[in-house]
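This is what each chain is made of:
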Amino acid sequence: MNVEISQSPLPESPTGCGPIRPETENTGSSLRSRVFETVRSAGRISRIDLAKRLSVSPASITALVGELLDLGMLQEQSDTTRTTSRGRPPVALSVQPDAGYVVGIKLSRANHTALLVDAAGQPLAQASLTCTPRRRSVSQMLLETGQVLDALLKQANLERSDIACIGLGMPGMIDHAAGHMVWSPILTEVDLPLRRFAEDAFGVPVAVDNDANLVTLAELWFGKGRAMADFAVVTIEQGVGMGLVINHRLYRGAGSLGMELGHTKVQMDGALCQCGQRGCLEAYIADYALVREASTALDSSHFDTATPEVMLQQLYEQAKAGNEAARVIFRRAGRFLALGLANVVNLFDPPLIILSGERMQYDYLYADDVLREMHALSLNRDAAPQKVETHAWGDLMWAHGAAALALSEIADAMAERRG
Ligand SMILES: [Zn+2]
């Protein structure tokens, strides 16, 4: 195994992180918690603007900010580039970065990526671990997770006890609320209390989620989705995933198992899916589905069958070079993708669908005819075509989502802290 460590190349963002929600609604959180979240979301903000944004009297804001300053959650900074009418630099509030550290880890078949961020959401360090692509036991996976975690902490000179929460995401059916792993294509076991196992292993509070939700949280906290009330994310990697944001919040369903777009059926008694059922969308467009088709339809002597990744790349190159059998495989997958996307449009009509994942490099997936076909299969065919964007982000963005998962998990607890 190979641990790569590098300083994060990401620039510091002065514009904050987290969903930019309208603050008129009652979120159920305490006002102090909302003050903290609003400051984090804004990056830097004055007391006056904070009072306006939350529709709260300046006196109340001053009192709540005073508590958060005493607790070391917020800090004051003078903006020396400007002066007020009284000739002093205005004072802005921002999150005290060392108020808490969280780690986000994205686990996948061949690679684990970890990111350390501070309480303001700024990335401090990242590490990744390349491992043998295979299904593994949960104990092996936790061993690998511990390795990438410790490499990350060593780089930042921190201990496990310095971490307020670890956000852990992986493909499969993960019940976030219960902390339960129902099924995952990277694990040999099923039905495990994953969160408890991870907390026992690392001695740190852990939040677990499905990896498509991580990408969606990354968009909601750090990306284009920050200012959007509703949007959908569809991921295509080893499998097909989906995340849905409704009114600035991730929708997970009653048992945290919603939005399994990859396992919606597109064919009765169809192709066998890795979940064990038949006719799932994923069984027609995910990596393993393409590789399965390739090994049947094409002369295997043309292929290095060492890994599915290598095989898929070769299939793509053959399609590009004009091999008709290879082209048909991609075209068919593209049509199934269009069908799946049209179903998303017909169910939710989101103002934006973001396509994400490694497979986006294969341009058949966002080719114009896929989008045309999606539009043709959507009910409202006379309206403007559904807005679809492709964000070909790497594992680091998924790890950002895992960090957002950890930050949102501890947000209330941090702001409710007593001095
Ligand atoms: Zn399935």
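In this text the structure is predicted, and so the values were computed from the model without any measurement.

## Focus on the coordination of the zinc ion
At this site the zinc ion is bound by His-263 (ND1), Cys-273 (SG), Cys-275 (SG) and Cys-280 (SG), with donor distances of 2.0 to 2.3 Å. The sequence pattern formed by the donor residues of the zinc ion is H-x9-C-x1-C-x4-C. Taken as a pair, His-263 in the loop between strand 13 (249-251) and helix 7 (282-285) and Cys-275 in the loop between strand 13 and helix 7 lie far apart in primary sequence, twelve residues in all.

## A look at the confidence of the model for the protein chain
Put simply, the protein chain has an average pLDDT of 86, and 87% of its residues get 70 or more. The spread of mean pLDDT over the elements of the protein chain runs between strand 1 (residues 2-6), the lowest at 39, and helix 5 (residues 194-202), the highest at 98.

## Some remarks on the packing of aromatic side chains
Applying the stated criterion across every chain, the model contains two aromatic pairs. Each ring, one from Tyr-284 and one from Phe-336, has its centre 4.1 Å from the other, and the planes form 15 degrees; the classification is stacked. You can see Tyr-284 sitting in helix 7 and its partner Phe-336 sitting in helix 10 (residues 324-348), a full 52 residues away along the chain. Measuring from ring centre to ring centre gives 5.8 Å for Tyr-316 and Phe-330, while their planes differ by 80 degrees; the resulting arrangement is edge-to-face. Here Phe-330 lies in helix 10 and Tyr-316 lies in helix 9 (residues 308-320), a separation of 14 residues in the sequence. In this structure, Lys-106 packs its charged tip against the face of Trp-398, placed 3.9 Å from the ring centre.

## Comments concerning the environment of Ala-254
On the secondary structure map, Ala-254 appears in the loop between strand 13 and helix 7. A sequence separation of 77 residues divides Ala-254 from Ala-177, and the C-alpha atoms of the two residues are 9.2 Å apart.

Conventions and cut-offs
- Residues numbered from 1 in each chain as written.
- Predicted model: local features only at pLDDT ≥ 70, side-chain atom pairs only at ≥ 80, totals over all residues.
- Heavy atoms only, no water.
- Donors = N, O, S within 2.8 Å, 3.2 Å for Na, K, Ca; no water.
- Helix = DSSP H or I, 4+ residues; strand = E, 2+ residues; numbered from the N terminus.
- pLDDT = per-residue confidence, 0-100.
- Phe/Tyr/Trp six-rings, centres within 6.5 Å; stacked < 30°, edge-to-face > 60°.
- Lys NZ or Arg CZ within 6 Å of the ring centre and 35° of its normal.

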